[in-house]
Amino acid sequence: MRDEYDFSNGKRNPYADKLKKQITIRLNVGTIDYFKRQAEETGISYQNLINMYLTDCAVHEKKLKYTIK
């Protein structure tokens, strides 16, 4: 390996804005089961389906229609 590298002509990662961050989240069992059933039907992992749904909500600035009591 070299002692020094020249990054002056380097380019930013074009996919940096698409990176995902791992978090811990608590979801109702029924909600997880719903997305797992959807995953079986679509062939998309349930984690990706949840991410896609939440991304859609954020992009369209959807608001909750009810509250959990």
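Reading guide: rules and limits
- Residues numbered from 1 in each chain as written.
- Predicted model: local features only at pLDDT ≥ 70, side-chain atom pairs only at ≥ 80, totals over all residues.
- Heavy atoms only, no water.
- 1 Å grid on protein atoms, 1.4 Å probe; cavity = no way out; pocket = protein on both sides within 12 Å on 5 of 7 lines; lining within 4 Å.
- Points joined across faces, edges and corners; volume = space filled by probe spheres on them.
- Nonpolar A, V, L, I, M, F, W, Y, C, P; charged D, E, K, R; others polar.
- Helix = DSSP H or I, 4+ residues; strand = E, 2+ residues; numbered from the N terminus.
- Buried < 20%, exposed > 50% of the residue type's maximum accessible area, 1.4 Å probe, protein only.
- Expected span 1.5 Å × (residues − 1).
- Salt bridge = Lys/Arg side-chain N within 4 Å of Asp/Glu carboxyl O.

Let's talk about the layout of surface pockets
In this structure, the largest pocket occupies an estimated 660 Å³ of space. Lining the largest pocket we find 16 residues, and of these Tyr 53, Leu 54, Cys 57, Leu 64 and Tyr 66 sit closest to its centre. In this structure, the second largest pocket spans a volume of roughly 480 Å³. Around the second largest pocket, the lining residues are Lys 20, Lys 21, Gln 22, Ile 23, Ile 25, Leu 27, Tyr 46, Gln 47, Asn 48, Ile 50, Asn 51 and Leu 54. Taken together, the residues that form the lining of the second largest pocket break down as six nonpolar, four polar and two charged.

A closer look at unusual backbone geometry
Not every positive phi belongs to a glycine, and Glu 61 is a case in point at roughly 50°. Within the secondary structure, Glu 61 sits in the segment after helix 2 (46–59).

Looking at the environment of Val 29
If you trace the backbone, Val 29 turns up in helix 1 (residues 29–42). For Val 29, a relative accessible area of 61% puts it in the exposed group. In sequence terms Val 29 and Asn 51 are 22 residues apart; their C-alpha atoms lie 17 Å from each other.

Notes on helix 1
A turn of α-helix holds 3.6 residues, and therefore any two residues three or four places apart point the same way. When the terminal C-alpha atoms of helix 1 are compared, their 20 Å separation across 14 residues agrees well with the 20 Å that a helix rising 1.5 Å per residue should span. One or two positions beyond helix 1, positive phi appears at Gly 43, with a value near 80°.

Details of the pattern of salt bridges
One pass over the structure, following the stated rule, counts one salt bridge. As a salt-bridge pair, Asp 56 and Lys 62 come within 2.7 Å of each other at their nearest N and O atoms. The exposure class of Asp 56 is partly exposed, given its relative accessible area of 28%.

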